[in-house]
Amino acid sequence: MNGTIRVGNLFGIPFYIHPSWFLVLGLVTWSYSSGLGAQFPQLSAGLALVLGLMTALMLFASVVAHELGHSFVAIRQGIDVKSITLFIFGGLASLEKESKTPGEAFWVAIAGPIVSLLLCGIVTAIGVTTTASGPLAAILGVLASVNLALALFNLIPGLPLDGGNILKAIVWKITGNPYKGVTFASRVGQIFGWVAILSGIVPLLFFGSFGNFWNLLIGFFLLQNAGNAAQFARVQEKLTGLTAEDAVTIDSPIVSANISLREFADERVISGQNWHRFLVTDDDGQLVGAIAVDNLRTVPTAMWSETQIKEVMRPITESTTVQSDQPLLEVMQLLEQEKLSVLPVIRKNGVLVGILEKTAIIQLLQSRTQPNPA
């Protein structure tokens, strides 16, 4: 997963760490150990370092708890959580699909900030009720403030932050169109991204200060991800209402299982067709297998007239096909997830419709974005 390291499972959810996280862990550990050492001179350097590491790990545990909040609500809605990843800007829960209604989307989005606010309240209550003092009180104070900051930062109303997803759900509810919600929340996220970038650039240019350099990174992060979300929403909207059958390639490479290899070679290979792999159907038009041009080499040329395709073809499992009425958006996501470029399309009775190529979806999208001639 883009260079991430899998470290195990959390409640059955694959858990990954991006290598950049270790850099952040080291910086946070050094920062808090230095702060504790300066605030409490009686602490030895070794103990301050250990306490700093513990504080850093608890802070990242808070980020994980935030993402688990999203994940558990999604799971209750029947949505599979593919992974949770820690990276330089925090955490990310990768969901299998979107919520079905704006109300459900709202609760998935707000669950993370609610968890962070609860942790802030719990840690604060522990500090007050136990009358903690010294380094322990300082660590509790840091944990409470960071969880509060995590909740408030994520409530900024712009994608890809939780507040952006909350805004998306609200606009979806008002307009009845989830894609308008994504587009609006993405634009707001881009605005906040530019504000963050300017807040980092202005002090740097006019005062030579790197104090807001982190704002630059956050700004670029918001701009990139908000833009990606808006672009994907436009693709989703254009594919809405289309099915797999709408993108089937005309004159797909299909041959009968009962013809000989000689007929196959003369009619489909030597005739100049550029296909290297053909789908095979029985007398009822149902998909039964596939044959590649290279498979001809496994049979001596003299036996081509006596050998039928069904004797050489390879079977195709149901997992490698899609239904003709399956939404095209789901098919596109399947192609991306499985790293495929072509999929056979069949009807519910097993009859083969043809093949669907990734390039055909791209061409279909391009045709739907071109203005209609006057």
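The structure this text deals with has already been given above.
The rules behind each value
Residues numbered from 1 in each chain as written. Predicted model: local features only at pLDDT ≥ 70, side-chain atom pairs only at ≥ 80, totals over all residues. Heavy atoms only, no water. Helix = DSSP H or I, 4+ residues; strand = E, 2+ residues; numbered from the N terminus. Contact = heavy atoms within 4.5 Å. Pairing = 2+ DSSP bridges. Axes fitted to C-alpha atoms, helices over the stretch in contact; angles between N-to-C directions. Phe/Tyr/Trp six-rings, centres within 6.5 Å; stacked < 30°, edge-to-face > 60°. Buried < 20%, exposed > 50% of the residue type's maximum accessible area, 1.4 Å probe, protein only.

### Quick word on the environment of Asp325
- Structurally, the position occupied by Asp325 is in the loop between β8 (322-323) and α9 (328-337).
- For Asp325 and Glu245, which are 80 residues apart along the polypeptide, the C-alpha to C-alpha distance reads 6.6 Å.
- Contact partners of Asp325, with chain neighbours within four places excluded, come to Thr243 and Lys348.

### Some details on the sheet that holds strand β7 (residues 287-292)
- What the three strands build is an open sheet, ordered β5-β6-β7; its pairing is mixed. Among the strands making up the open sheet, the edge pair consists of β5 (254-256) and β7. Looking at each pair of strands side by side, their axes are set apart by 35° on average, direction ignored.
- Bridging between β5 and strand β6 (residues 277-281) involves three bridges; their strand directions are parallel. Across the sheet, Val255 pairs through a bridge with Val280, a residue of β6.
- Running over the sheet, helix α8 (residues 261-269) touches β5, β6 and β7 and is turned about 150° from β5.

### Some thoughts on the sheet that holds strand β4 (residues 90-95)
- Pairing is mixed across the open sheet formed by four strands, whose spatial order is β1-β2-β3-β4. Each edge of the open sheet carries a strand with a single partner, namely β1 (5-10) and β4. Across the sheet, the axes of successive neighbouring strands diverge by a mean angle of 25°, strand direction being ignored.
- Strand direction decides the pairing type here: β1 and strand β2 (residues 13-17), joined by five bridges, are antiparallel.

### Some details on the packing of aromatic side chains
- Scanning all chains against the criterion turns up six aromatic pairs.
- Relative to Phe60, the ring of Trp21 lies with its centre 5.0 Å away and its plane at 65°, an arrangement referred to as edge-to-face. Placement of Trp21 in helix α1 (residues 19-39) and of Phe60 in helix α2 (residues 45-76) is noted, with a sequence separation of 39 residues between them. Accessibility classification places Trp21 together with Phe60 in one group, the buried group.
- Taking the centre distance of 5.3 Å and the plane angle of 80° together, the rings of Phe106 and Trp107 count as edge-to-face.
- Residue Phe106 is classed as partly exposed on the basis of its relative accessible area of 24%.
- Through a chain of ring-to-ring contacts, three or more aromatic side chains come together here, namely Trp21, Phe22 and Phe60.

In short, geometric facts, not functional conclusions.
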